[in-house]
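# Fold and geometry: a report
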Amino acid sequence: MEFDYLSDEHAEYIRDLVKKAAIADKNCEVFGASKHKYQLNQVLSEKEVRQFEKEYHVKLPEEYVFFLTKVGNGGAGPYYGIYSLNIPKLRTGQVICREGVPAFFDKNLTKEAWDEMMEKMEDDEKYDALEADMLEGVLVIGTQGCTYDMLLMCKGSEQGKLVYIDWNLEPELYPYLTGMTFLDWYESYFKEIIAGHKIHWYGYYSLKSEEELRSSYSEDLSLEEKAEILKGFCKFRKAQEETLDFLEQIKDDRLDAIRTELLLRFDFERGQAVFELLLSGKNTWAATECARSIPDSQTDKYYKRMIELLYEKNECSKSSIVFYLNRCTCLKASDVINFIVDESQEESVRKNALWVISRCQDKLDFLEELMQLMRGESYKLALEALQIVMRKKIKSQKLLDTYTWMAEKYQNDSIMMSNLKVGMDTMKTVL
């Protein structure tokens, strides 16, 4: 369809994309579609848009103004859709753009500057002023759910483009710059749906075709650039033979996890051969990282090897192993308990392992170990161990003594005390 940029015909083209996507996803199975149902809101007049700009001291990007006045004032769009302009996620009296103040979300933002800002914002007295600086030039136009939002930048290097942010604002939750202008981002979303691609992480991965992704890969690229190319294949439901060959031939062991995961998705037998080679010792870290792509019907096959890796001092993801074991039908507490009581292991992984064995039939064979955890220094492990035994009718004076010891230690902790009450009340029925 031929049309002039930002013309009435262009607007009609976009509305047609929305309609075609609605047909392709007639049951609204795409994430967020059940919320917006591929419906667009009534457009705004240019006067209404200019009034908004005046009130909030902002010059909205041209493409966004076109969308509001020619396509719809919000509605259908990525994730849970686009907010209406007249329902802004702004504080009363907030100024979006202040003269002379640079945009914080910018391509020149370094990890160090982000970390410094996060540290400064821990000061409650300075928080509001710092937040205003961070939100300079920002208009929140939608949400991905939970604490993730979609920002349209109205100034700086990303002016007119989308930035994704997690409002938990942890140092590791760095803002993601999509590099996409509003209409490119908006139109491509519906094109991906029409093409039948997976779009759970829309905007985070490349929109290139398989051929384009393969041809853009080069050994001269940085590891980050190579990884971004491989992530681009995640949206496809099937892969061309050339893509499978390409994935098999990659020799960079730092990319073993993602390339093997892709192979397991697209052609399980070919992926399985690579996975088993990695698991045997070639790259156990990569094997454990991509093990989530092993289907449930096959998990027991690698159970013994995963248990071995759990105890080995090697480069592998212990957390990934624990979650893999949780999917195994042959899981036994006896195979994991020594890892759980090993204080040299990471606390969070031990806690997850303890939660995993809570479904094992033989867990109470290790009451001594569970009581050891209940009396230990780790609150999280003590609570998890308590929850495993508290409803069990166990005849044990030693367990009752442990309950009593815990009640004294955690007397001011309502969560621990409520669980202890259940345990002690149950104990009274057997002693």
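These notes cover the structure that comes with them. All values derive from a computational prediction rather than experimental measurement.

What counts and what doesn't
- Residues numbered from 1 in each chain as written.
- Predicted model: local features only at pLDDT ≥ 70, side-chain atom pairs only at ≥ 80, totals over all residues.
- Heavy atoms only, no water.
- Phe/Tyr/Trp six-rings, centres within 6.5 Å; stacked < 30°, edge-to-face > 60°.
- Buried < 20%, exposed > 50% of the residue type's maximum accessible area, 1.4 Å probe, protein only.
- Pairing = 2+ DSSP bridges.
- Helix = DSSP H or I, 4+ residues; strand = E, 2+ residues; numbered from the N terminus.
- Axes fitted to C-alpha atoms, helices over the stretch in contact; angles between N-to-C directions.
- Patch = residues over 30% accessible without salt bridge, like charges linked within 9 Å, V, L, I, M, F, W, Y side chains within 5 Å.
- Areas by Shrake-Rupley, 256 points an atom, 1.4 Å probe, with all protein chains shown as cover.
- Salt bridge = Lys/Arg side-chain N within 4 Å of Asp/Glu carboxyl O.
- Lys, Arg positive; Asp, Glu negative; His and termini not counted.
- Charge placed at Lys NZ, Arg CZ, Asp CG, Glu CD.

### Things to note about the packing of aromatic side chains
Enumeration according to the criterion identifies 26 aromatic pairs in this entry. Pairing Phe 233 with Phe 236 gives two aromatic rings, centres 6.4 Å apart and planes at 55°, and the pair type is tilted. Comparing Phe 233 with Phe 236, the two get one shared label, buried. An aromatic cluster is present here, built from Tyr 64, Phe 67, Phe 182, Trp 185, Tyr 186, Tyr 189, Phe 190 and Tyr 202 joined pairwise through their rings.

### So, the sheet that holds strand β1 (residues 138-145)
Ordered in space as β1-β2-β3-β4, the four strands form an open sheet in which the pairing is antiparallel. Each having just a single partner strand, β1 and β4 (176-181) make up the two edges of the open sheet. Recorded for the sheet is a direction-independent mean angle of 25° between the axes of neighbouring strands. Inspection of the sheet shows β1 paired to strand β2 (residues 148-153) by six bridges, in the antiparallel sense. Each bridged residue has a counterpart across the sheet, and for Leu 139 the counterpart in β2 is Leu 152.

### Describing the pairing of β2
For β2, the buried fraction is high: five of the six residues fall into the buried class. The antiparallel pairing of β1 with β2 creates a hairpin that spans two residues between the two strands, and Cys 146 there sits at a positive phi of about 55°. As judged from the five bridges shared by β2 and strand β3 (residues 161-166), these two strands associate in the antiparallel manner. If you follow Asp 149 over to β3, its bridge partner there is Ile 165.

### Examining the environment of Ile 96
Tracing the backbone shows Ile 96 in the loop between α4 (62-71) and α5 (111-120). C-alpha of Ile 96 to C-alpha of Val 138: the two residues are 42 residues apart in sequence and 6.3 Å apart in space.

### Concerning a negative patch on the surface
On the surface, Glu 119, Glu 122, Glu 170 and Glu 172 cluster together to form a negatively charged patch. Here Glu 119 shows up in helix α5.

### Considerations on the pattern of salt bridges
Applying the stated criterion across every chain, the model contains 29 salt bridges. Measuring nitrogen to oxygen at the nearest pair gives 2.8 Å for the salt bridge that ties Glu 53 to Arg 50. Within this pair, Glu 53 and its partner Arg 50 are both found in helix α3 (residues 46-56), separated by three residues, close to a single helical turn. Notably, a salt bridge pairs Glu 136 with Arg 98, separated by 2.7 Å at the nearest N-O pair. Highlighted residues: Glu 136 in the loop between α6 (124-134) and β1 and Arg 98 in the loop between α4 and α5, separated in sequence by 38 residues. Overlapping salt bridges, with partners in common, bring together Arg 98, Asp 133, Glu 136 and Lys 155 in one network.

Keep in mind these values describe shape, not function.
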